[in-house]
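# Structural characterization, general
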Amino acid sequence: MKALLWTLQITVAVILLVSGYTKLFLPHEQVAEAAEWTGAYTEVFVRYIGMIDILGGLGLILPGLLAIYPRITGYTAIGIAVLMIAAMVLHIDRYEFGAIWVNIFILLASVIIAYGRLWHASTSVPRRHATPL
């Protein structure tokens, strides 16, 4: 299960980091050529989404790597799942059905990551009982 979770985390993180970098650092016109929906929104909004993508990608990798509150990876995955639902609504509203498949993959991967890091991890750890004195 750990290998699957890390594979999904790295895959989703790379997608989000590349997407976030594109939205945050490339000129708005260039981003609008690559992703049609960005042309319908302000540059500030697109850069904000890019920042969220980058933070989400980092939130999937850094807590586990640094062993600093690793449960935050599960919470990050829930946030990414919510973001992907919003992205799918946006694409459906704009009749961009081809773009939804990436969102569906990230949504499903995020749900698996959240389950594995929050619920499965808490039930698979053996409990130590206090020894009576």
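Provided above is the structure to which this section pertains.
First, a word on what this report is: a plain description of the structure on this page. (Residues numbered from 1 in each chain as written. Predicted model: local features only at pLDDT ≥ 70, side-chain atom pairs only at ≥ 80, totals over all residues. Heavy atoms only, no water.)

## Brief notes about the overall build of the protein
Quick reminder of the rule: Only runs of H or I of at least four residues qualify as helices and only runs of E of at least two qualify as strands under DSSP, and these elements are numbered from the N terminus. Using a 1.4 Å probe on the protein chains alone, a residue whose accessible area is under 20% of its type maximum counts as buried, one over 50% counts as exposed, and one in between counts as partly exposed. Contact definition: two residues touch when any of their heavy atoms are within 4.5 Å. Accessibility throughout is a Shrake-Rupley quantity obtained with a 1.4 Å probe, and a residue counts as covered only by protein chains that appear here.
Secondary structure assignment for the protein yields five helices and zero strands. In sequence order, the secondary structure elements of the protein are arranged as α-α-α-α-α. If you line up the protein on its principal axes, its C-alpha atoms span 70 × 25 × 20 Å. Counting over 133 residues, the protein shows a buried share of 35%. For the protein, the proportion of contacts with a sequence separation of at least 24, taken over those separated by at least 6, is 65%. Accessible surface, the protein as shown: approximately 8,500 Å² in total, 72% of it carbon and sulfur.

## Concerning the pattern of salt bridges
For clarity, the threshold we go by: A carboxyl oxygen of Asp or Glu within 4 Å of a side-chain nitrogen of Lys or Arg is what we treat as a salt bridge.
All told, the structure shown has three salt bridges when counted by the stated rule. The salt bridge partner of Glu 43 is Arg 47, with a shortest N-O separation of 2.7 Å. With Glu 43 and Arg 47 both in helix α3 (residues 43–66) and four residues apart, this pair spans about one turn of that helix. Given the relative accessible area of 39%, Glu 43 is considered partly exposed. Arg 94 is the partner of Glu 96 in a salt bridge, and the nearest nitrogen-oxygen pair spans 3.1 Å. For Arg 94, a relative accessible area of 29% corresponds to the partly exposed category.

## Structural notes on the packing of helix α1 (residues 2–25) against α3
Two packed helices can be described by the angle between their axes and the distance between those axes. Where we set the bar: Axis lines are fitted through C-alpha atoms, for helices just across the contact stretch, and the angle between N-to-C directions can take any value from 0 to 180 degrees. Here the word oblique covers every angle except those under 35 degrees (roughly parallel), over 145 (roughly antiparallel) and from 65 to 115 (roughly perpendicular). The crossing is said to be left-handed when, going from far helix to near helix, the turn is anticlockwise and less than a right angle, and right-handed when the turn is clockwise.
Direction vectors running N to C along α1 and α3 enclose 150°, while the axes themselves pass 7 Å from each other. Considered as vectors, α1 and α3 are oriented roughly antiparallel to each other. In terms of crossing hand, the pair formed by α1 and α3 is left-handed.

## A closer look at helix α4 (residues 72–93)
The cut-off we apply is this: A helix's residues, less one, multiplied by 1.5 Å, set its expected span.
Along its 22 residues, α4 runs 32 Å from first to last C-alpha, staying within 8% of the 32 Å computed at 1.5 Å per residue. Taken together, the buried positions of α4 are Thr 73, Gly 74, Thr 76, Ala 77, Ile 80, Ala 81, Met 84, Ala 87, Met 88, Leu 90 and His 91.

## As for the packing of aromatic side chains
The geometry of two aromatic rings is summed up by the distance between their centres and the angle between their planes. This is how it is decided: When two rings of Phe, Tyr or Trp (its six-membered ring) have centres within 6.5 Å they constitute a pair, described as stacked for plane angles under 30 degrees, edge-to-face for angles over 60, and tilted for the intermediate range.
All chains considered together, the criterion is met by four aromatic pairs. Plain terms: the ring middles of Tyr 41 and Phe 45 are 5.1 Å apart, the flat faces sit at 35° to each other, and that makes the pair tilted. Using a relative accessible area of 33% as the deciding quantity, one classes Phe 45 as partly exposed. Linked through ring pairs, Trp 37, Tyr 41 and Phe 45 together constitute an aromatic cluster.

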